[in-house]
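Structural features, examined
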Amino acid sequence: MLVNHELCVGCGNCMKYCALGAISIQAKKAVIDRDRCTECGSCYRSKSCKLGALTPEELDWPRLARSIMSDVTVVYKGIAGRGTEEMKTNDVTGRYKDGYSGVIIELGRPSVSSSLRDLEYIAKIVSKHGGVFEDRNPITAFMSNPSTGEIKPELLDERVMSGIIEVTIPNDRLIEMVEAVLEGSKHIDSVFSLGIACKIDKDGNIPARNILETIGLTPRPSYKVNVGLGRPEYKDWG
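Anyway, here's the lowdown on the structure attached to this text.

Criteria and thresholds
- Residues numbered from 1 in each chain as written.
- Predicted model: local features only at pLDDT ≥ 70, side-chain atom pairs only at ≥ 80, totals over all residues.
- Heavy atoms only, no water.
- Pairing = 2+ DSSP bridges.
- Helix = DSSP H or I, 4+ residues; strand = E, 2+ residues; numbered from the N terminus.
- Contact = heavy atoms within 4.5 Å.
- Axes fitted to C-alpha atoms, helices over the stretch in contact; angles between N-to-C directions.
- Salt bridge = Lys/Arg side-chain N within 4 Å of Asp/Glu carboxyl O.
- Parallel < 35°, antiparallel > 145°, perpendicular 65-115°, else oblique.
- Left-handed = near helix turned anticlockwise from the far one by under 90°.
- Nonpolar A, V, L, I, M, F, W, Y, C, P; charged D, E, K, R; others polar.

A few words now on the sheet that holds strand β7 (residues 100-107). Spatially, four strands are ordered β9-β13-β7-β14 in an open sheet, and the strand pairing comes out antiparallel. Single-partner strands in this sheet number two, and they are β9 (132-133) and β14 (192-197). Relative to β14, β7 is paired through six bridges, and the arrangement is antiparallel. Bridge assignment links Ile104 to a residue of β14, and that residue is Gly195. Against the sheet, helix α6 (residues 174-184) engages β7, β13 (163-170) and β14, with an angle of about 170 degrees to β14.

Right, here's the structure in full:
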């Protein structure tokens with residue numbers, strides 16, 4: 001985002017719409033901290049500046065990655081948002097089959113953000129311990145090597161509002177990966193959240209929950225029941 005200092009009067013209205021506190025008033029003019037700004041565009045879309053002093057910048061690569069991951073209006077390679085449509089749509093997509101779980105790992109949130117370097121750090125751990133990355137995910141699209149979790153070098157110092165790593169993993173490696181990720185989360189400079197998705201078995205049990213409870217983790221269950229509105233495409237439930 002750019003500030004036209006000939007129009008700006010330093011009113012500070014735009015500051016209220018910056019979740020990361022990247023806008024300050026200096027010498028009676030708005031100034032944007034480019035290192036902190038994730039190019040989410042909220043200050044501009046809010047129409048907080050009645051004088052038109054805010055102008056979206058034409059972003060080049062790699063800075064464009066900030067906008068892709070932070071601006072809800074941007075679509076990148078057919079992928080909108082920070083992750084897939086939702087892990088919870090498994091009844092439609094059939095991503096997670098018997099014996100497998102889906103894992104999401106989110107770094108950053110509004111007011112915090114995350115570097116892609118930290119996302120790569122966690123992605124490498126995930127890959128090392130058996131995770132297979134979701135294809136339709138922007139973090140996967142940023143990778144130079146999805147088999148190892150390596151992100152393109154030019155992106156590593158870019159900051160994003162948040163990033164979500166999504167993988168599928170066999171249940172017999174779930175504990176191994178979760179423990180490694182939890183240990184790795186101690187070494188990142190951002191907030192961290194972990195989500196697990198799986199099919200409920202024929203007896204009504206939740207396999208992933210049962211597995212995680214053996215290592216002292218108690219997930220907070222969140223259920224989604226298909227009532228036919230999604231017109232399920234996935235037929236073979238084994």
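Turning next to the pattern of salt bridges. Under the counting rule described, the total for this entry stands at 11 salt bridges. We note a salt bridge from Arg63 to Glu39, for which the minimum N-O separation is 2.8 Å. Linking Arg63 in the loop between β4 (54-55) and α2 (64-70) with Glu39 in the loop between β3 (29-32) and α1 (42-45), this pair joins segments that are 24 residues apart in sequence. Salt-bridge contacts for Asp157 lead to Arg117; the nearest nitrogen and oxygen are separated by 2.9 Å.

The subject of this paragraph is the packing of helix α4 (residues 116-128) against α6. The description of two packed helices rests on the angle between their axes and on the distance between the axes. Contact geometry of α4 with α6 gives a least axis separation of 9 Å together with a crossing angle of 160 degrees. Between α4 and α6, the angle is such that the two are roughly antiparallel. Two packed elements cross with a definite hand, and for α4 against α6 that hand is right-handed. Residues Tyr121, Ile122, Ile125 and Val126 of α4 form the contact with α6, whose participating residues are Met177, Ala180, Val181 and Gly184. Of the residues assigned to the contact of α4 with α6, the class counts are seven nonpolar, one polar and no charged.

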